[in-house]
2 protein chains.
Amino acid sequence: MASVQSTAKPSARERLLAAANELFYAEGVQSVGIDRVIEHAGVAKASLYNTFGGKEQLVRAYLDARHAGTVDRLTRAVAEHDTPREQMLAVFEAQGRQFDRPDFRGCAFIRAGAEAGSGGLVQEAADAFRGWMRELFTRLAAEAGAADPDALGQQLQLLYDGAGISALMDHDSTVAATSRAAATALIAAATGASAEA
Amino acid sequence: MASVQSTAKPSARERLLAAANELFYAEGVQSVGIDRVIEHAGVAKASLYNTFGGKEQLVRAYLDARHAGTVDRLTRAVAEHDTPREQMLAVFEAQGRQFDRPDFRGCAFIRAGAEAGSGGLVQEAADAFRGWMRELFTRLAAEAGAADPDALGQQLQLLYDGAGISALMDHDSTVAATSRAAATALIAAATGASAEA
DNA sequence: CATAATGCAGACAGGTCTGTCTGAAGGAGT
DNA sequence: ACTCCTTCAGACAGACCTGTCTGCATTATG
């Protein structure tokens, strides 16, 4: 089992995750029912409950997959630059590229957290993701020589979240440039550097 | 009709709006059903449909009331200061006071927008609110002599939204101080001033 | 070949939601 | 006193949701 099969049909689990990603992210976790997920995945309802156990666990798996994808994307973007300052700005540039995608619908964790009540698997997934983002910003801020790395890291996360919200709700394509400029100013103020963008 | 009645029982409309504000804001627009709203308001179901026409219109009225309340609160906070720079910071301080309220549950417009699909009355209400916030920040940025008032106004809105998100999702009481410090730095960078907090 | 595992299809139950409708009670103005 | 209007109480329909269950087909393995 679990052997490599290159061109064969993906497993029920993979098809369910792909369908959940498309539908939950596009229309929201609460609005999309189980029936639409299994129909979109071409999977029987019993397979979903055998594989994941329930809708909440499927939502959790969907968020975990998003988490892994964002970690990959941002890790690659950071690795393309050498200085911590450029690496911090690269995070905002990578976010800006997401804004231009036609299927962009904001941060999946913020949206799922707003839909689901506090507590539960959604909250766990959101905490894990936001903790990773915070650590990324704080680590880069420390490497850049910020006087208070925690403060700069938190400030950059404010910009990151705010940019995602504005891109979602204001249909404003200029927000990526604005957040990058603001990040540049905050980095300069926190490190005492005088480099401009 | 509509005469002044000081101590009498509020009208069905007012009770419905109060109940909608409590329940929708605390638990979300989708999670709370009509039955719970009318029970909490002590109102018959027919009264709700006669007064508002449907749930979506009730949600719209709830958001409009929130809009008016925030406009009042921020307008008062701004009026307590003299210089545009202090007025901008006063907006963040007023937001920080909201964070400490035990019933704080984030920005009602972001949460409702995340729950409802795009388009519809929720989107209209959110657009109106966010437009007002943007104009407030941009006007104050212009009065403060920013080189690019639109850019500074948008940057401050990023911080405002990001702080609300973090206060909601991270249970972090330090975010108000962080956003205020970041706003101070961005204002200084945009106006060329050297004043510190 | 036989057997076990996996997946598909769909019925079914129990609950909740929105919205409509009926019928009656109470208060204000004429 | 009479009438209009608002409001309350609740039944009802139609739709949707989650989760469980019963069969049947396919496939891999002993």
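Residues numbered from 1 in each chain as written. Chains lettered and ligands numbered in written order. Predicted model: local features only at pLDDT ≥ 70, side-chain atom pairs only at ≥ 80, totals over all residues.

**Some details on the interface of chain B and chain A**
Just so we agree on the cut-off: A pair of residues counts as a contact when their C-beta atoms, built from backbone coordinates, are separated by no more than 7 Å. Labels follow the DSSP assignment, with helices taken as runs of H or I lasting at least four residues and strands as runs of E lasting at least two, numbered in each case from the N terminus. Each residue is assigned to one of three groups, with Ala, Val, Leu, Ile, Met, Phe, Trp, Tyr, Cys and Pro labelled nonpolar, Asp, Glu, Lys and Arg labelled charged, and all others, Gly among them, labelled polar.
At the interface, 33 residues of chain B touch 33 residues of chain A. Of all elements in the fold, only helix 6 (108-115), helix 7 (121-143), helix 8 (149-169) and helix 9 (175-191) of chain B reach the threshold of two or more residues within the side of chain B that touches chain A. Element by element, the count of residues in the side of chain B that touches chain A is highest for helix 8 of chain B, at twelve residues. Taken together, the residues that form the side of chain B that touches chain A break down as 15 nonpolar, twelve polar and six charged.

**Notes on the protein's contact with DNA strand C**
Basically, it comes down to this: We call a residue near a molecule or strand when its C-beta atom, built from the backbone, sits within 6 Å of it.
Around DNA strand C, a shell composed of 16 residues is seen, among which A44 of chain A together with G33, I34, G54 and K55 of chain B lie nearest. Taken together, the residues of the surface near DNA strand C break down into seven nonpolar, five polar and four charged.

**Quick word on the nonpolar core**
Going by this rule: Any nonpolar core is a set of buried residues, restricted to Ala, Val, Leu, Ile, Met, Phe, Trp, Tyr and Cys, that join up through C-beta atoms within 7 Å. Partly exposed residues are those whose C-beta has more than 12 but fewer than 20 other C-beta atoms within 10 Å; with 20 or more the residue is buried, with 12 or fewer it is exposed, and the C-beta atoms are placed from the backbone. For the domain bounds, the source is a domain assignment made automatically or taken from a database.
Counting 118 residues, the largest nonpolar core has L186 of chain A together with L186 of chain B as its most contacted members. Three or more residues apiece are contributed to this core by two domains, here domain 1 (10-53) and domain 2 (60-191) of chain A. Every residue in contact with L186 of chain B, bar those within four places of it in the chain, is listed here: A182 and A185 of chain A together with L152, Q155 and L156 of chain B.

**What to know about the protein's contact with DNA strand D**
In the vicinity of DNA strand D there are 18 residues, among which G33, I34 and A46 of chain A together with V43 and A44 of chain B approach most closely. For the surface near DNA strand D, the secondary-structure elements that each account for two or more residues are helix 2 (34-41) and helix 3 (45-51) of chain A together with helix 3 (45-51) of chain B. Of all the elements, helix 3 of chain B adds the most residues to the surface near DNA strand D, at five residues. For the surface near DNA strand D, the residue count by class is seven nonpolar, seven polar and four charged.

**Focus: the packing of helix 4 (residues 55-79) of chain B against helix 5 (residues 84-99) of chain B**
Residues and elements named next belong to chain B. Formally: Interaxial angles span 0 to 180 degrees and are taken between N-to-C directions of axes, which are lines fitted to C-alpha atoms, for helices over the stretch in contact. What sets the label is the angle itself: under 35 degrees gives roughly parallel, over 145 gives roughly antiparallel, 65 to 115 gives roughly perpendicular, and the rest give oblique. Crossings are sorted by hand: turned counterclockwise from the far helix by less than a right angle, the near helix makes the crossing left-handed, and turned clockwise it makes it right-handed.
Two elements in contact, helix 4 and helix 5, have axes separated by 8 Å at closest approach and are oriented at 135°. With respect to helix 5, the element helix 4 is oriented oblique. Between helix 4 and helix 5 lies a crossing whose hand is right-handed. Contact with helix 4, carried on its side by R73, L74, A77 and V78, involves Q87, A90, V91 and A94 of helix 5 and no other residues of that element. Among the residues forming the contact of helix 4 with helix 5, the class breakdown is six nonpolar, one polar and one charged.

**Looking at the relation of the copies chain B and chain A**
Note the threshold: Each copy is superposed on the other by least squares, with the fit set by C-alpha atoms of residues at a pLDDT of at least 70 in both.
Rotating chain B by 180° and translating it 0.0 Å along the rotation axis places it on chain A, where the RMSD comes to 0.0 Å. Here the transformation between the copies is reduced to the relation of a two-fold axis. Every residue of chain B has its C-alpha some distance from the rotation axis, and the shortest such distance is that of G162 of chain B, at 2.1 Å. The overlap is high: 100% of the interface residues of chain B also sit at the interface in chain A, so the same surface is used on both sides.

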